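# Remarks on the overall topology
So the chains spell out like this:
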Amino acid sequence: SGISELASPVSGIVIDLPVSEGSRVKKGETLVLLDNTIQGLALCESDSRIITQQKAVESQQWLIEQKKTDISDKLRKLTDAQELLKSNATTGENVRLLQNDLDMANHEMKKLESDLALQQAQLKEAYAQQATKRNSLDQTALKAPFDGIVLDIIPVRGEAVSQYQTYARLAPDTKLIVNAEFDELYAPKLAPGQKCEVRLPGDSISVAEGKIVRLSADLKKKSLFSDSGDDMEDRRVREAEILLETISGELLINTKVECTVQIN
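Residues numbered from 1 in each chain as written. Predicted model: local features only at pLDDT ≥ 70, side-chain atom pairs only at ≥ 80, totals over all residues. Heavy atoms only, no water.

### Looking at unusual backbone geometry
Phi is mostly negative for residues that are not glycine, and the peptide bonds are mostly trans. One non-glycine residue with positive phi stands out, namely Asn88, at about 60 degrees. Looking at the element boundaries, Asn88 is found in the loop between α1 (37–86) and α2 (92–138). Of the residues examined, Asn88 reaches a relative accessible area of 68% and is grouped as exposed. At Tyr164, a residue that is not glycine, the phi angle is positive and equals roughly 70 degrees. Of note, Tyr164 is situated in the loop between β7 (160–161) and β8 (166–172). (Helix = DSSP H or I, 4+ residues; strand = E, 2+ residues; numbered from the N terminus. Buried < 20%, exposed > 50% of the residue type's maximum accessible area, 1.4 Å probe, protein only.)

### Here's the deal with α1
Over its 50 residues, α1 runs 74 Å from end to end, which matches the ideal 74 Å to within 8%, given 1.5 Å per residue. Of all the residues in α1, the buried ones are Gly40, Leu43, Ser46, Ile50, Gln53, Val57, Gln60, Ile64, Lys67, Ile71, Leu78 and Ala81. Where α1 is buried, its residues contact α2. In the segment just after α1, Asn88 is the residue with positive phi, at about 60 degrees. (Expected span 1.5 Å × (residues − 1). Contact = heavy atoms within 4.5 Å.)

### Quick word on the environment of Leu185
Following the sequence through the fold, Leu185 ends up in the loop between β9 (177–183) and β10 (195–199). Distance from Leu185 to Gln54, taken between C-alpha atoms, is 75 Å for residues 131 residues apart in sequence.

### Here we look at the sheet that holds β7
Pairing in this open sheet of 4 strands is antiparallel, and the strands run β5-β4-β2-β7 from one edge to the other. The sheet is open, and its two edges are formed by β5 (141–143) and β7, each paired on a single side. In this sheet, β7 lies alongside strand β2 (residues 12–16) in antiparallel orientation, the contact comprising 2 bridges. Bridge pairing links Ile13 to Ala160 in β7. (Pairing = 2+ DSSP bridges.)

### What to know about the environment of Ala160
Take Ala160: it is sitting in strand β7. When the C-alpha positions of Ala160 and Ile64 are compared, they lie 53 Å apart, and in sequence the two are 96 residues distant.

### Some details on the pairing of β8
Among the 7 residues that make up β8, 5 are buried, leaving the element largely enclosed by the rest of the structure. Pairing of strand β1 (residues 4–7) with β8 involves 4 bridges; the strand directions are antiparallel. In the sheet register, Glu5 faces β8, and the bridge partner there is Arg169. The sheet contact formed by strand β6 (residues 148–153) and β8 spans 5 bridges and is antiparallel. Directly across from Ile153, in β8, lies its bridge partner Ala168.

### What about the confidence of the model for the chain?
Confidence in the prediction for the chain averages 91 pLDDT; 95% of positions are at 70 or higher. When pLDDT is averaged over each element of the chain, strand β4 (residues 30–34) comes out on top at 96 and β9 at the bottom at 91. (pLDDT = per-residue confidence, 0-100.)

### A closer look at the pairing of β4
Judged from the 2 bridges that link them, β2 and β4 form a sheet pairing that is antiparallel. From the neighbouring strand, Asp16 faces β4, where its bridge partner is Leu33.

### Regarding the sheet that holds β1
Ordered by their spatial adjacency, 4 strands build an open sheet running β1-β8-β6-β3, and the pairing between neighbours is antiparallel. At either end of the open sheet lies a strand with only one pairing partner, and these are β1 and β3 (24–25).

### Considering the pattern of salt bridges
Once their charged atoms are close, side chains differing in charge can pair, the charge on each being opposite to the other. Taken as a whole, this structure holds 17 salt bridges when the rule is applied. Its salt-bridge partner being Glu245, residue Lys211 comes within 3.9 Å of it at the nearest N-O pair. Of this pair, Lys211 sits in strand β11 (residues 206–215) while Glu245 is found in strand β12 (residues 237–247), placing the two residues 34 residues apart along the sequence. Of the residues examined, Glu245 reaches a relative accessible area of 34% and is grouped as partly exposed. (Salt bridge = Lys/Arg side-chain N within 4 Å of Asp/Glu carboxyl O.)

### Some details on α2
The end-to-end C-alpha distance of α2 is 69 Å, a good match for the 69 Å that 47 residues give at a rise of 1.5 Å each. Taken together, the buried positions of α2 are Val95, Leu98, Leu102, Ala105, Met109, Leu112, Leu116, Gln119, Leu123, Ala126 and Gln130. Looking at the buried positions of α2, the neighbouring elements they touch are α1.

### Topic: the layout of surface pockets
A volume near 1100 Å³ is recorded for the largest pocket. Lining the largest pocket we find 34 residues, and of these Ile177, Val178, Asn179, Asn254 and Thr255 sit closest to its centre. Residues that form the lining of the largest pocket fall into these classes: 18 nonpolar, 7 polar and 9 charged. (1 Å grid on protein atoms, 1.4 Å probe; cavity = no way out; pocket = protein on both sides within 12 Å on 5 of 7 lines; lining within 4 Å. Points joined across faces, edges and corners; volume = space filled by probe spheres on them. Nonpolar A, V, L, I, M, F, W, Y, C, P; charged D, E, K, R; others polar.)

### Digging into the nonpolar core
With 17 residues, the main nonpolar core has Val25, Leu31, Val32, Leu34, Val150, Ile153 and Tyr167 as its most contacted residues. Those elements giving two or more residues to this core turn out to be β4, β6 and β8. (Core = buried A, V, L, I, M, F, W, Y, C linked by side-chain atoms within 4.5 Å.)

Now the structure itself:
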(Lines give C-alpha, C1' and ligand atoms only; values in the text may rest on other atoms or scores of the structure.)
Protein backbone atom coordinates (compact mmCIF):
# COMPACT_ATOMS: atom_id res chain seq x y z
CA SER A 1 0.00 0.00 0.00
CA GLY A 2 3.01 2.29 -0.10
CA ILE A 3 4.90 4.30 2.49
CA SER A 4 2.66 6.20 4.93
CA GLU A 5 3.50 9.58 6.40
CA LEU A 6 1.89 9.43 9.84
CA ALA A 7 0.26 12.60 11.17
CA SER A 8 -0.25 13.44 14.83
CA PRO A 9 -3.93 13.82 15.88
CA VAL A 10 -2.95 16.22 18.70
CA SER A 11 -0.32 18.79 19.59
CA GLY A 12 2.22 18.20 22.35
CA ILE A 13 5.80 17.99 23.54
CA VAL A 14 7.75 14.80 22.79
CA ILE A 15 8.86 13.10 26.02
CA ASP A 16 9.87 9.68 24.73
CA LEU A 17 10.78 7.87 21.51
CA PRO A 18 10.39 4.13 22.22
CA VAL A 19 11.50 3.07 18.71
CA SER A 20 14.19 4.16 16.28
CA GLU A 21 14.61 4.23 12.53
CA GLY A 22 14.74 0.76 11.02
CA SER A 23 12.71 -0.81 13.83
CA ARG A 24 10.04 -3.37 12.99
CA VAL A 25 6.84 -2.53 14.85
CA LYS A 26 3.47 -4.16 15.38
CA LYS A 27 0.10 -2.50 14.98
CA GLY A 28 -0.67 -0.46 18.10
CA GLU A 29 2.95 -0.15 19.22
CA THR A 30 3.90 3.32 20.46
CA LEU A 31 6.21 5.26 18.14
CA VAL A 32 6.22 8.66 19.85
CA LEU A 33 4.97 9.61 23.31
CA LEU A 34 3.78 13.15 23.96
CA ASP A 35 3.47 14.85 27.34
CA ASN A 36 0.09 13.81 28.77
CA THR A 37 0.05 15.56 32.15
CA ILE A 38 -3.00 17.73 31.38
CA GLN A 39 -4.90 14.86 29.76
CA GLY A 40 -4.12 12.58 32.72
CA LEU A 41 -5.40 15.13 35.24
CA ALA A 42 -8.54 15.68 33.17
CA LEU A 43 -9.20 11.93 33.17
CA CYS A 44 -8.70 11.74 36.97
CA GLU A 45 -11.18 14.58 37.40
CA SER A 46 -13.65 12.75 35.16
CA ASP A 47 -13.19 9.52 37.16
CA SER A 48 -13.90 11.39 40.41
CA ARG A 49 -17.04 12.95 38.94
CA ILE A 50 -18.34 9.50 37.98
CA ILE A 51 -17.80 8.18 41.51
CA THR A 52 -19.63 11.20 42.96
CA GLN A 53 -22.48 10.82 40.49
CA GLN A 54 -22.77 7.10 41.19
CA LYS A 55 -23.18 7.90 44.89
CA ALA A 56 -25.87 10.46 44.03
CA VAL A 57 -27.78 7.85 42.01
CA GLU A 58 -27.49 5.30 44.82
CA SER A 59 -28.73 7.87 47.34
CA GLN A 60 -31.70 8.74 45.13
CA GLN A 61 -32.55 5.06 44.71
CA TRP A 62 -32.45 4.63 48.50
CA LEU A 63 -34.88 7.56 48.93
CA ILE A 64 -37.24 5.95 46.43
CA GLU A 65 -37.16 2.65 48.32
CA GLN A 66 -37.92 4.53 51.54
CA LYS A 67 -40.80 6.34 49.89
CA LYS A 68 -42.19 3.04 48.56
CA THR A 69 -42.29 1.73 52.12
CA ASP A 70 -43.96 4.93 53.30
CA ILE A 71 -46.61 4.71 50.54
CA SER A 72 -47.27 1.08 51.36
CA ASP A 73 -47.83 2.00 55.03
CA LYS A 74 -50.14 4.92 54.13
CA LEU A 75 -52.14 2.70 51.76
CA ARG A 76 -52.57 0.11 54.51
CA LYS A 77 -53.79 2.74 56.95
CA LEU A 78 -56.22 4.15 54.38
CA THR A 79 -57.59 0.69 53.59
CA ASP A 80 -58.10 -0.03 57.30
CA ALA A 81 -59.82 3.33 57.80
CA GLN A 82 -62.16 2.70 54.86
CA GLU A 83 -63.18 -0.64 56.43
CA LEU A 84 -63.71 1.03 59.79
CA LEU A 85 -65.81 3.73 58.16
CA LYS A 86 -68.25 1.08 56.93
CA SER A 87 -68.94 0.14 60.56
CA ASN A 88 -68.89 3.80 61.73
CA ALA A 89 -65.75 3.07 63.76
CA THR A 90 -64.00 6.15 62.30
CA THR A 91 -64.97 9.39 60.67
CA GLY A 92 -65.04 10.36 57.02
CA GLU A 93 -62.71 13.25 57.83
CA ASN A 94 -60.04 10.82 59.01
CA VAL A 95 -60.39 8.83 55.78
CA ARG A 96 -60.02 12.01 53.72
CA LEU A 97 -56.89 13.00 55.65
CA LEU A 98 -55.37 9.58 55.08
CA GLN A 99 -56.28 9.74 51.37
CA ASN A 100 -54.65 13.17 51.14
CA ASP A 101 -51.50 11.82 52.81
CA LEU A 102 -51.35 8.96 50.29
CA ASP A 103 -51.84 11.34 47.35
CA MET A 104 -49.04 13.59 48.61
CA ALA A 105 -46.75 10.59 49.02
CA ASN A 106 -47.46 9.49 45.42
CA HIS A 107 -46.65 13.00 44.18
CA GLU A 108 -43.40 12.93 46.15
CA MET A 109 -42.60 9.53 44.60
CA LYS A 110 -43.00 10.96 41.10
CA LYS A 111 -40.67 13.81 42.04
CA LEU A 112 -38.08 11.36 43.39
CA GLU A 113 -38.33 9.22 40.23
CA SER A 114 -37.88 12.32 38.08
CA ASP A 115 -34.81 13.30 40.12
CA LEU A 116 -33.44 9.76 39.72
CA ALA A 117 -33.84 9.98 35.93
CA LEU A 118 -31.95 13.28 36.01
CA GLN A 119 -29.16 11.81 38.14
CA GLN A 120 -28.88 8.81 35.81
CA ALA A 121 -28.72 11.09 32.77
CA GLN A 122 -25.92 13.08 34.42
CA LEU A 123 -24.11 9.81 35.16
CA LYS A 124 -24.41 8.80 31.51
CA GLU A 125 -23.04 12.19 30.51
CA ALA A 126 -20.14 11.73 32.92
CA TYR A 127 -19.32 8.37 31.31
CA ALA A 128 -19.32 10.02 27.87
CA GLN A 129 -16.99 12.75 29.13
CA GLN A 130 -14.75 10.09 30.67
CA ALA A 131 -14.52 8.31 27.30
CA THR A 132 -13.61 11.61 25.64
CA LYS A 133 -10.91 12.32 28.24
CA ARG A 134 -9.51 8.80 27.94
CA ASN A 135 -9.42 9.14 24.16
CA SER A 136 -7.54 12.44 24.52
CA LEU A 137 -5.05 10.69 26.80
CA ASP A 138 -4.66 7.75 24.42
CA GLN A 139 -3.98 10.12 21.52
CA THR A 140 -0.83 11.40 23.23
CA ALA A 141 0.72 8.00 22.50
CA LEU A 142 1.29 8.08 18.73
CA LYS A 143 0.97 4.45 17.65
CA ALA A 144 1.64 2.42 14.54
CA PRO A 145 -1.57 1.93 12.51
CA PHE A 146 -0.26 -1.35 11.05
CA ASP A 147 2.69 -3.74 11.18
CA GLY A 148 5.63 -2.14 9.46
CA ILE A 149 9.16 -0.82 9.36
CA VAL A 150 9.97 2.63 10.74
CA LEU A 151 11.76 4.56 8.01
CA ASP A 152 12.00 7.88 9.80
CA ILE A 153 11.14 9.43 13.18
CA ILE A 154 11.07 13.18 12.63
CA PRO A 155 10.83 14.89 16.07
CA VAL A 156 13.34 14.61 18.91
CA ARG A 157 12.77 14.62 22.68
CA GLY A 158 11.62 18.00 23.93
CA GLU A 159 10.45 19.15 20.52
CA ALA A 160 6.89 20.30 19.90
CA VAL A 161 4.63 18.39 17.52
CA SER A 162 1.70 20.27 16.00
CA GLN A 163 -1.67 18.73 15.24
CA TYR A 164 -1.68 16.98 11.84
CA GLN A 165 2.09 17.38 11.57
CA THR A 166 3.95 14.42 10.08
CA TYR A 167 5.97 12.73 12.81
CA ALA A 168 7.07 9.45 11.18
CA ARG A 169 7.28 7.51 7.94
CA LEU A 170 6.19 3.89 8.08
CA ALA A 171 6.48 1.18 5.43
CA PRO A 172 4.05 -1.74 5.65
CA ASP A 173 5.62 -5.06 6.64
CA THR A 174 4.66 -6.77 3.38
CA LYS A 175 6.39 -7.96 0.24
CA LEU A 176 8.22 -5.25 -1.69
CA ILE A 177 6.64 -3.62 -4.73
CA VAL A 178 8.66 -2.21 -7.61
CA ASN A 179 7.16 0.87 -9.28
CA ALA A 180 8.36 0.43 -12.85
CA GLU A 181 8.05 2.24 -16.16
CA PHE A 182 8.21 0.65 -19.59
CA ASP A 183 8.73 2.35 -22.92
CA GLU A 184 5.61 2.80 -25.05
CA LEU A 185 7.11 0.48 -27.69
CA TYR A 186 6.41 -2.50 -25.41
CA ALA A 187 3.35 -1.15 -23.59
CA PRO A 188 0.72 -3.19 -25.52
CA LYS A 189 2.60 -6.43 -24.81
CA LEU A 190 2.50 -6.06 -21.04
CA ALA A 191 -0.08 -7.97 -18.98
CA PRO A 192 -0.71 -8.73 -15.29
CA GLY A 193 0.90 -11.98 -14.17
CA GLN A 194 3.96 -11.72 -16.44
CA LYS A 195 7.20 -12.78 -14.77
CA CYS A 196 9.91 -10.19 -14.12
CA GLU A 197 13.58 -10.18 -13.19
CA VAL A 198 14.98 -7.31 -11.16
CA ARG A 199 18.61 -6.18 -11.28
CA LEU A 200 20.57 -3.35 -9.79
CA PRO A 201 21.54 -0.69 -12.35
CA GLY A 202 24.51 -1.81 -14.44
CA ASP A 203 24.51 -5.32 -12.94
CA SER A 204 23.72 -8.43 -15.01
CA ILE A 205 22.90 -10.62 -11.99
CA SER A 206 19.27 -10.85 -10.94
CA VAL A 207 18.61 -9.84 -7.30
CA ALA A 208 14.86 -10.56 -7.26
CA GLU A 209 12.01 -12.10 -9.19
CA GLY A 210 8.37 -11.17 -9.28
CA LYS A 211 5.30 -10.62 -11.41
CA ILE A 212 3.25 -7.70 -12.71
CA VAL A 213 0.22 -7.09 -10.47
CA ARG A 214 -0.99 -3.75 -11.85
CA LEU A 215 -0.70 -1.78 -15.07
CA SER A 216 -1.71 1.79 -15.83
CA ALA A 217 -4.60 2.16 -18.25
CA ASP A 218 -2.85 4.83 -20.31
CA LEU A 219 0.55 6.09 -21.33
CA LYS A 220 2.11 8.81 -19.27
CA LYS A 221 3.58 11.77 -21.08
CA LYS A 222 6.74 11.86 -19.02
CA SER A 223 8.70 9.53 -16.81
CA LEU A 224 8.32 9.77 -13.04
CA PHE A 225 12.09 9.69 -12.90
CA SER A 226 12.73 12.71 -15.11
CA ASP A 227 15.38 14.97 -13.70
CA SER A 228 13.48 18.19 -14.31
CA GLY A 229 9.96 19.40 -14.96
CA ASP A 230 10.92 21.20 -18.18
CA ASP A 231 12.33 18.09 -19.89
CA MET A 232 11.35 18.51 -23.56
CA GLU A 233 12.04 14.87 -24.53
CA ASP A 234 9.00 13.25 -26.19
CA ARG A 235 8.91 10.16 -24.06
CA ARG A 236 5.86 8.19 -23.01
CA VAL A 237 5.81 5.27 -20.63
CA ARG A 238 3.41 2.75 -19.16
CA GLU A 239 3.54 2.40 -15.39
CA ALA A 240 3.43 -0.98 -13.66
CA GLU A 241 3.66 -2.44 -10.19
CA ILE A 242 5.75 -5.59 -9.77
CA LEU A 243 5.29 -7.74 -6.69
CA LEU A 244 8.60 -9.27 -5.64
CA GLU A 245 8.15 -12.93 -4.74
CA THR A 246 11.77 -13.99 -4.21
CA ILE A 247 14.76 -11.81 -3.31
CA SER A 248 18.26 -13.24 -3.64
CA GLY A 249 20.15 -10.00 -3.08
CA GLU A 250 19.83 -7.04 -0.76
CA LEU A 251 17.19 -4.51 -1.69
CA LEU A 252 16.44 -1.47 0.43
CA ILE A 253 13.23 0.53 0.17
CA ASN A 254 13.56 3.25 -2.49
CA THR A 255 16.40 1.42 -4.26
CA LYS A 256 16.53 2.22 -7.97
CA VAL A 257 16.39 -0.99 -10.05
CA GLU A 258 16.04 -2.22 -13.62
CA CYS A 259 13.33 -4.70 -14.65
CA THR A 260 13.14 -7.24 -17.44
CA VAL A 261 9.73 -8.68 -18.30
CA GLN A 262 9.11 -11.96 -20.11
CA ILE A 263 6.52 -10.94 -22.70
CA ASN A 264 6.63 -14.08 -24.86
